[in-house]
Amino acid sequence: MNLFEKISLLGWYAGNSLKNGFKKVFNLSLSDPKAYDRSLWNLYGSQSLTGEVVTESTALTFSAVYNAISLISGTVGALPLHLYQQEKKSKHLALDEPLYRVMHYRWNPYMTAMTGRETMMAHILTYGNGYAEIVRDLMGRVQQLWPIPPDRVKIKMKEGKLIYEIRVDGEPIDLSREKVLHVPGLGFDGYQGYSVIAMARKSIGLGMAMETFGSRYFGEGTHPSGVVTHPGQLSNDNLRNALQEGYAGLGKTHRLLLLEESMKFEPITIKPEDSQFLQSRQFTIPEIARWFNLPPHKLKDLSKSSFNNIEQEQISFVTDSIMPWLIRLEQGYYQQLLIERQQESGL
């Protein structure tokens, strides 16, 4: 049984995201030393300055982040990936190699090649690293690839060799470099990549906080909201109850407000326009686009786009956003999936 089956993909995706995102939430005050933890990898229930919990799981509930990750990973996963055999000055498809079928059609009996590569790319974009267990035959040729959740992996050096420690049911299992496909994103040592979600925690938290504010404003606010004044003493509570039942809540907004007994209404709520709520929400889209190196129009922000520049922005998306990822993946596949004998043969 491989690690993928031991970890149980369905159990991890269904339970681990909720566990990481909501169960362990650290409410830290400024006097708590833990609030100044400089570790980039301590995202287990991390809290942004806005109070929103920003993890790899909760960040996906923010539309701009989800769009960015799904766009890049889906694009990379959908592009054709071929294995070639180089012979002198020509090359042809290496259709007889098992690795061709793995990378082009099917990662494993349960996962297509696109799904596998899309999943790995999504892991790189969120956690900074993508991992997969390599299953080889007796000749060293790759037969299957099984994704490994990045939050279960710890990289360490043991006797001068790179070892991947994977936690399965609380028990560590060590895999050698030859048994793990590891593609890191941008990092500080070449072995591990930075988590974009960790680096962008404040930006993402701000966007999530504004969405929470908007939801609460329309869901819990009374519209119109303010103070009702009475020139004398309210004769009974029926009028007060009628006001609350008739005008409180989103479904009762913009109704005609009827007052009795010379009562006056004075609005006191700051309007979203006055607090620049809409402008601030719009600003978060190019902010997220910068973190993922995307042109804003790819995240559905067309405020700065026109018929004159949209073609150039599409070209920029290919050359500046996708091409570096493709080269990183291609070189990672060549270095780790092809053994030395295959590389020397011209694969």
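Note that the structure is a prediction, hence the values are computed from the model and not measured.

Draft legend 1. Looking closely at helix α10 (residues 310-337). In a regular helix each residue adds 1.5 Å, so 28 residues correspond to 40 Å; α10 covers 38 Å between its end C-alpha atoms and thus fits that length. When the local axis directions of α10 are compared, the greatest deviation, roughly 45°, occurs at Ile-322, which is followed within four positions by the proline Pro-324. When we look at burial in α10, the residues that qualify are Glu-313, Phe-317, Ser-321, Ile-322, Trp-325, Leu-329, Gly-332, Tyr-333, Gln-336 and Leu-337.

Draft legend 2. Fine view of the sheet that holds strand β10 (residues 180-184). In space, the three strands of this open sheet follow the order β6-β5-β10, with antiparallel pairing throughout. The two strands at the open ends of the sheet, each matched to only one other strand, are β6 (142-148) and β10. On average, each strand axis in the sheet is tilted by 25° relative to the strand beside it, whichever way the strands run. Bridge analysis of strand β5 (residues 129-136) against β6 gives six bridges, and the strand direction is antiparallel. For Val-135, the partnering residue across the bridge sits in β6 and is Gln-144. Against the sheet, helix α5 (residues 113-127) engages β5, β6 and β10, with an angle of about 145° to β5. On top of the sheet, α10 reaches β5, β6 and β10; it is set at about 155° to β10, its chief contact.

Draft legend 3. Structural context of unusual backbone geometry. Its identity as a non-glycine residue notwithstanding, Lys-88 has a phi of 55°, on the positive side. Checked against the element boundaries, Lys-88 lands in the loop between β1 (84-87) and β2 (90-93). Exposure remark for Lys-88: the relative accessible area of 83% places this residue in the exposed category. Positive phi, close to 55°, is recorded for Glu-159, a residue that is not glycine. Assignment of secondary structure puts Glu-159 in the loop between β7 (153-158) and β8 (161-168).

Criteria and cut-off values
- Residues numbered from 1 in each chain as written.
- Predicted model: local features only at pLDDT ≥ 70, side-chain atom pairs only at ≥ 80, totals over all residues.
- Heavy atoms only, no water.
- Helix = DSSP H or I, 4+ residues; strand = E, 2+ residues; numbered from the N terminus.
- Expected span 1.5 Å × (residues − 1).
- Bend = angle between axes of the 7 residues up to and from the residue.
- Buried < 20%, exposed > 50% of the residue type's maximum accessible area, 1.4 Å probe, protein only.
- Pairing = 2+ DSSP bridges.
- Axes fitted to C-alpha atoms, helices over the stretch in contact; angles between N-to-C directions.
- Contact = heavy atoms within 4.5 Å.

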